[in-house]
Amino acid sequence: MAYRVPSLLRPGFLSLHHLTRAMSSEVHFQDSGRVGLITLDRQRALNAINENMVQQISGKLVEWRGREDLEVVCIEGAGTKAFCAGGDVVSITKEQVESVALNFFHDEFQMNHMIGTYPKVYVALIHGITMGGGVGLSVHGKYRVATDKSLYAMPETAIGYFPDVGGSYFLSRLPQPYGMFLGLTGHRLRGADLKHMGIATHYTTAEKLPALKADILTSDRSSIGDILQKHEVEAPAPFSLDPHESLIKHCFSADSVAGILSRLEQDGSDFALKLVKSLQRMSPRSLVITHRLLSIAPSKSYEECFAMEFRAAHQIVRSGEFTEGVRALLVDKDNAPVWNPAKIEEVTEEMVEEYFKERTRAWEPLKLD
C-alpha cells in the first residue's frame, strides 16, 4: 500500500533531530495484537493536534489497516482535562506562510476522511474537552464514548474560520437545525448532551472509564459492542437545549445569517439576545461561509464535503481573517478582532463565491493500494 512522504519532512519545516524528539512525546501507540491504542499527549496544550501528530496518526492507521490480526483501534487523550482541544492553530498561523496552514488542513482532512472510511472498528474516548480537530478525530468513527466530563464545541467562527474536519458533513446530518445552531454559535455541549444530540454513541462516567479502557484493550470486533454496552450508564435527562427547542428550530431555519439574527432579535428572550450578542462578536465572513457550507452539505457525499471545506480553507487563509481571529483570541488575547468586513450585510455574494471556487491545489483522500 502506498503512503506519500510525510509533510513534516518538507524542506525547512523541521530538522530530523527535532522531528524525532517531537515524535517520541506527542502521540503514543500501543499494540496489543487485536487492539491498537492511540494516546494524544500534549497535555499542556490540551492535546491540541499539530502536523507532526497528524502524520504519525495517519501513518499508524495506514499500517494497522493492513494488519489482518488487528480488529479494533481506540483513541484517547492523555490526562484528565482533554481528549483534544482542536488543531494547534497558533503554531499554524505563527508561520505567516499560506502553504503551512494549507498543508496542515490538507493532511488533517485526509486523516479525518480515513477515520470515517476505516475498515477496523474505531472507538474514540471523548473524555474532557473535545473541540475542532478533536471532533474530527472522533465523530467520524463507529463508536464515540462521552463521559460526564465531556465538553464539546465547534467554535471556529469566533476565530475567523469555519467548522472543518468534516464538520459540514456531520453537522448537516444532525437533527436540524441543531447542526446549523452548533456550527454558527460554537455552543458548548456537556456530558450527556453529546449522547442526546447523537454526537456520542455511548455515555459513561469518568469513574468507569479506566475499566472500560481495560476491557477495550482485550476486545475484538465481535465483542466491542457488548463491552461498550456493559459500561454504559443512562444519559441523564433532560437535554440542556430542550427548553430552547422551539426558538432554535424557528430562528436557525432561516435561509441566511441575517435572517437568523432578525428572528433572534424579534424573539427577544434572554437566550435569544445572548445569542445575538455572541454572533455579533464573530467574523461575519465566517458566519456566512459556515451557513453556506452547512446548507450545501446535505447534497454532498462524505468525500465531497472534505473537498469543499479545503476550497473554503484555501480562501479563508488567504483572506487573513483566520490569522486575525487567532491573534485576537489566542495570541494577544485582547478579544478585539478587526473583522473584514465588519458587518454581516457587508459580506457580498462575490466574496462568498470565492470560497467555493475550484483551486489549482485540490484536496483528495489519501491513496491506499
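Just so it is clear, the structure is predicted and the values come from calculations on it, not from any experiment.

Colleague: Before we move on, can you summarise helix α9 (residues 209–216) with the specific residues and values?
Modeller: Here α9 has its buried residues at Leu-209, Leu-212 and Ile-216. Seen along its axis, α9 keeps its buried residues to an arc of 60 degrees; they face one direction. Of the surrounding secondary structure, the elements contacted by the buried residues of α9 are β2 (35–40), β3 (72–77), β5 (121–126), β7 (143–146) and α10 (224–231).

Colleague: Got a sec to walk through the pattern of salt bridges? Specific residues and values, please.
Modeller: Under the criterion given, the structure shown has 18 salt bridges. Asp-220 is the salt-bridge partner of Arg-34, the closest N and O atoms lying 3.3 Å from each other. Taken as a pair, Arg-34 in the loop between β1 (27–31) and β2 and Asp-220 in the loop between α9 and α10 lie far apart in primary sequence, 186 residues in all. On the accessibility criterion, Arg-34 (41% relative accessible area) is partly exposed. Close ionic contact of Glu-76 with Lys-213 constitutes a salt bridge, the shortest N to O distance being 3.0 Å. Placement of the pair is Glu-76 in strand β3 and Lys-213 in helix α9, with a sequence separation of 137 residues. Of the residues examined, Glu-76 reaches a relative accessible area of 12% and is grouped as buried. Using a relative accessible area of 25% as the deciding quantity, one classes Lys-213 as partly exposed. Here the residues in one salt-bridge network are Glu-324, Arg-327, Asp-332 and Asp-334, joined through shared partners.

Colleague: For unusual backbone geometry, give the residues involved together with the corresponding values.
Modeller: Note that the residue after Gln-176, namely Pro-177, is joined by a cis bond; omega there is 5 degrees. Relative to the helices and strands, Pro-177 is located in the loop between α6 (167–171) and α7 (178–185). The residue after Asn-340, namely Pro-341, is reached through a cis peptide bond having omega 0 degrees. Take Pro-341: it is sitting in the loop between α16 (321–331) and α17 (349–354). Positive phi, close to 55 degrees, is recorded for Asn-335, a residue that is not glycine. One can find Asn-335 in the loop between α16 and α17. Residue classification places Asn-335 among the exposed positions, given a relative accessible area of 57%.

Colleague: How would you summarise helix α4 (residues 98–116) if you had to cite specific residues and measurements?
Modeller: Here α4 is 19 residues long and its end C-alpha atoms lie 27 Å apart, about the 27 Å a rise of 1.5 Å per residue gives. Taking burial as the measure, the 19 residues of α4 include 16 buried ones, the bulk of the element.

Colleague: Talk me through the sheet that holds strand β10 (residues 202–203); I want residue IDs and the actual numbers.
Modeller: Read from one edge to the other, the open sheet built from 6 strands follows the order β1-β2-β3-β5-β7-β10, with strand pairing classed as mixed. Bordering the open sheet on either side are β1 and β10, each of which pairs with just one other strand. Direction of pairing for β7 relative to β10: parallel, over a ladder of 2 bridges. Directly across from Val-145, in β10, lies its bridge partner His-202. Packing against the sheet, α10 makes contact with β5, β7 and β10, and its axis sits at approximately 15 degrees to β7.

Colleague: Residue-level account of the pairing of β1, with values.
Modeller: The pairing of β1 with β2 spans 5 bridges and is antiparallel. Looking at the pairing, Phe-29 lines up with Ile-38 of β2. Between β1 and the antiparallel strand that follows it, β2, lie 3 residues; Gly-33 among them carries a positive phi value of about 105 degrees.

Colleague: Hey, could you go over the packing of α4 against helix α15 (residues 302–319) for me, with residue numbers and the actual values?
Modeller: Contact pair α4 / α15: the axes reach a minimum separation of 10 Å and the direction vectors enclose 165 degrees. Taken together, α4 and α15 sit at an angle that is classed as roughly antiparallel. For the pair α4 and α15, the sense of crossing is right-handed. Residues Glu-98, Ala-101, Leu-102, Phe-105, His-106, Phe-109, Asn-112, His-113 and Gly-116 of α4 pack against Tyr-302, Glu-303, Phe-306, Glu-309, Phe-310, Ala-313, His-314, Val-317 and Arg-318 of α15. Along the lines of polarity and charge, the residues of the contact of α4 with α15 split into 9 nonpolar, 5 polar and 4 charged.

Colleague: Residue-level account of the side chain of Asp-193, with values.
Modeller: Its place among the elements puts Asp-193 in helix α8 (residues 193–197). Of the side chains with opposite charge, Arg-190 comes closest to the buried, unpaired Asp-193, at an N-O distance of 7.0 Å. Beyond its immediate chain neighbours, meaning those up to four positions away, Asp-193 contacts Phe-239 and Ser-240.

Colleague: A description of the environment of Val-123 should follow, citing residues and the corresponding values.
Modeller: Its place among the elements puts Val-123 in strand β5. On the basis of relative accessible area, Val-123 is assigned to the buried category, the value being 0%. Taking C-alpha positions, Val-123 is 13 Å from Gly-136, a pair spaced 13 residues apart along the chain. Apart from residues no more than four positions distant in its own chain, Val-123 is found in contact with Val-72, Val-73, Cys-74, Ile-75, Tyr-143, Val-145, Ile-216, Ile-224 and Leu-228.

Rules used throughout
- Residues numbered from 1 in each chain as written.
- Predicted model: local features only at pLDDT ≥ 70, side-chain atom pairs only at ≥ 80, totals over all residues.
- Heavy atoms only, no water.
- Buried < 20%, exposed > 50% of the residue type's maximum accessible area, 1.4 Å probe, protein only.
- Helix = DSSP H or I, 4+ residues; strand = E, 2+ residues; numbered from the N terminus.
- Arc of directions from axis to C-beta.
- Contact = heavy atoms within 4.5 Å.
- Salt bridge = Lys/Arg side-chain N within 4 Å of Asp/Glu carboxyl O.
- Expected span 1.5 Å × (residues − 1).
- Pairing = 2+ DSSP bridges.
- Axes fitted to C-alpha atoms, helices over the stretch in contact; angles between N-to-C directions.
- Parallel < 35°, antiparallel > 145°, perpendicular 65-115°, else oblique.
- Left-handed = near helix turned anticlockwise from the far one by under 90°.
- Nonpolar A, V, L, I, M, F, W, Y, C, P; charged D, E, K, R; others polar.
- Lys, Arg positive; Asp, Glu negative; His and termini not counted.

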